[in-house]
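# Close look at the chain arrangement
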Amino acid sequence: MQSKVIFMDFSKFTVLVVDDFATMRRIVSNLLREAGFEHFSEAEDGAEALRKLESSSFQFVVSDWNMPKMTGLDLLKSVRNSDHLKHLPFLLVTAEARKENIIEAAQAGADGYIVKPFTSATLKDKVEAIFKRKGLI
Amino acid sequence: MTANPINAEQAFKELGQITRSLHEAMSELGLTQGLVEITHEIPDARDRLSHVGQMTEKAATRVLDLIDVAQPACHSFKTESQCMAAEIESIRKRAQGRADEVDDVMAVAQMFSTEAASFADAQNAVLSDIMMTQDFQDLSGQVIKKVIAIISQTEQQLLSLLMHSAPEHLCMERAQVGLAGPQVPDKALQQDDVDSMLASLGF
């Protein structure tokens, strides 16, 4: 039996979930909701995500890598190059699992990297670790 | 290696000869015919693959919709059960020893409420697991998209090969052979179409 114990209060943060597959956006949002997040927005590619990040306030980005128009990695680079977005916690959730991908993501400034398929426990762990490390909670 | 490097003109001439003998070999072996058939099959194969992608997405979305209905119900049932258990407990404490029969019933009700809360929690965990199994749609979808891209590319290459070797074959009618298997919906006959077709044939 799994009892839901919330160690951290994520309810004040707004998350942007970016994935070109609607199914995955819903799964990620649902898992984050179970982990305690309450405010969400979604984008289906990096370009749409960047527009949303620039026009309203977010405290966390969870993004796929391989997407049309603008990839998650390019989105990450744009975020890190922007003065007001560069400190945004950024988690990549992707099926790209080669060593060089992970190195590339780390060099671009990703705060976490989850390989699909993943479990709800993995997502929760990584999210908690990121917020702890960034001193946001 | 001391072989003299060939100049561009020679190279093109030799390439031309190779291409010509390849064309001739292809015609002699009847390969162009096969290629024409494959080229005709490819759009169909592509449609079928993307149909598979659409079907799995639809199924996954339906499951996620159902989970969206069931999960909030689990959450509120858990909260209500917890409140109920706490309420009963406090009443029992206040009324201690005043009526044993009532207290026994209350004890049962308190236990039941606690179990109900655990039950709702466990069901919610099951729903989360069901949801997580839908992630196959994202991964299979990506694979299908990739294969469709490969098929399209192959089709382009085959078509240009055919344009060079046997353009007149391209408008040829293709032979219908074998069983086609499940069709994409807009190509498939509906049961009504099948029935009326059979009726017109005297069945």
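Residues numbered from 1 in each chain as written. Chains lettered and ligands numbered in written order. Predicted model: local features only at pLDDT ≥ 70, side-chain atom pairs only at ≥ 80, totals over all residues.

## Thoughts on the overall build of chain B
Per the secondary structure count, chain B includes five helices and zero strands. Each helix and strand of chain B, ordered N terminal to C terminal, gives the series α-α-α-α-α. The 203 residues of chain B split such that 8% are buried. Sequence-distant contacts, at least 24 apart, represent 87% of the contacts inside chain B between residues at least 6 apart. (Helix = DSSP H or I, 4+ residues; strand = E, 2+ residues; numbered from the N terminus. Buried ≥ 20, exposed ≤ 12 C-beta atoms within 10 Å, placed from the backbone. Contact = placed C-beta atoms within 7 Å.)

## Details of the overall build of chain A
Scanning chain A from N- to C-terminus turns up five helices and five strands. Along chain A, helices (α) and strands (β) appear in the sequence β-α-β-α-β-α-β-α-β-α when read from the amino end. The C-alpha radius of gyration of chain A comes to 14 Å, within 12% of the 14 Å expected for a compact globule of 137 residues. On the principal axes, the C-alpha backbone points of chain A span a range of 40 × 30 × 30 Å. Looking at chain A residue by residue over its 137 residues, the buried ones come to 37%. Within chain A, contacts between residues at least 6 apart in sequence are counted, and of these 62% link residues at least 24 apart. (Rg over C-alpha atoms; globule rule 2.2 N^0.38 Å.)

## Some details on the interface of chain A and chain B
Taken together, the contact pairs 16 residues of chain A with 18 residues of chain B. Element by element, the count of residues in the side of chain A that touches chain B is highest for helix α1 (residues 22-35) of chain A, at six residues.

## Comments concerning the nonpolar core
Residues and elements named next belong to chain A. V15, L16, V18, V28, A49 and V62 are the most contacted members of the largest nonpolar core, which has 39 residues in total. In terms of residues, this core owes the most to one element, α1, which gives five residues. Setting aside residues up to four positions removed in sequence, V62 forms contacts with V15, V17, V28, L91 and V93. (Core = buried A, V, L, I, M, F, W, Y, C linked by C-beta atoms within 7 Å.)

## Some points on the packing of α1(A) against helix α5 (residues 120-133) of chain A
Residue and element names in this part refer to chain A. Axis separation between α1 and α5 bottoms out at 10 Å; the angle between their running directions is 65°. Along this stretch, α1 crosses α5, giving a crossing that reads as right-handed. Residues L31, E34 and A35 of α1 touch α5, and the partners they reach there are S120, L123, K124 and V127. Residue classes in the contact of α1 with α5 are distributed as four nonpolar, one polar and two charged. (Axes fitted to C-alpha atoms, helices over the stretch in contact; angles between N-to-C directions. Left-handed = near helix turned anticlockwise from the far one by under 90°. Nonpolar A, V, L, I, M, F, W, Y, C, P; charged D, E, K, R; others polar.)

## Observations regarding the packing of helix α2 (residues 46-55) of chain A against helix α3 (residues 72-81) of chain A
Residue and element names in this part refer to chain A. Running from N to C, α2 and α3 point in directions that differ by 25°, and their axes come no closer than 9 Å. One element, α2, and the other, α3, form an angle in the roughly parallel class. Note that α2 runs across α3; the crossing there is right-handed. Facing G46, A49, L50 and L53 of α2, the residues of α3 in contact are G72, D74, L75, S78 and V79. Split by residue class, the contact of α2 with α3 holds five nonpolar, three polar and one charged. (Parallel < 35°, antiparallel > 145°, perpendicular 65-115°, else oblique.)

## Here's the deal with the pairing of strand β4 (residues 90-94) of chain A
Residue and element names in this part refer to chain A. The element β4 is extensively covered by neighbouring structure, given that five of its five residues are classed as buried. By the alternation rule, side chains of β4 split into F90, L92 and T94 and L91 and V93, which are all buried. Taken together, strand β3 (residues 60-63), α3 and β4 form a β-α-β motif whose crossover is right-handed. In terms of strand pairing, β4 meets strand β5 (residues 112-115) through four bridges, oriented parallel. In the sheet register, T94 faces β5, and the bridge partner there is V115. (Right-handed = clockwise from strand over helix to strand, strands pointing away. Pairing = 2+ DSSP bridges.)

## Quick word on α5(A)
Between its first and last C-alpha atoms α5(A) spans 20 Å; for 14 residues at 1.5 Å apiece the expected length is 20 Å, and the two agree. A:G135 occupies a position one or two residues after α5(A) and carries a positive phi of about 70°. (Expected span 1.5 Å × (residues − 1).)

## Some words on the sheet that holds β4(A)
Residue and element names in this part refer to chain A. A sheet is described by the order of its strands in space; here five strands give the open sequence β2-β1-β3-β4-β5, paired in parallel fashion. The strands lining the two open edges of the sheet, one partner per strand, are β2 (39-43) and β5. Averaged over all pairs of adjacent strands, the angle between strand axes in this sheet comes to 20°, irrespective of strand direction. On top of the sheet, α3 reaches β1 (14-18), β3 and β4; it is set at about 175° to β4, its chief contact.

## Some details on the environment of B:S90
Turning to its location among the elements, B:S90 is positioned in helix α2 (residues 31-94). For B:S90 and B:T114, which are 24 residues apart along the polypeptide, the C-alpha to C-alpha distance reads 14 Å.

## Concerning unusual backbone geometry
Residues and elements named next belong to chain A. Between K116 and P117 the backbone carries a cis peptide bond, its omega angle lying at -5°. Of note, P117 is situated in the loop between β5 and α5. Here the phi dihedral of K69 falls at roughly 65°; this positive angle occurs in a residue that is not glycine. Within the fold, K69 resides in the loop between β3 and α3.

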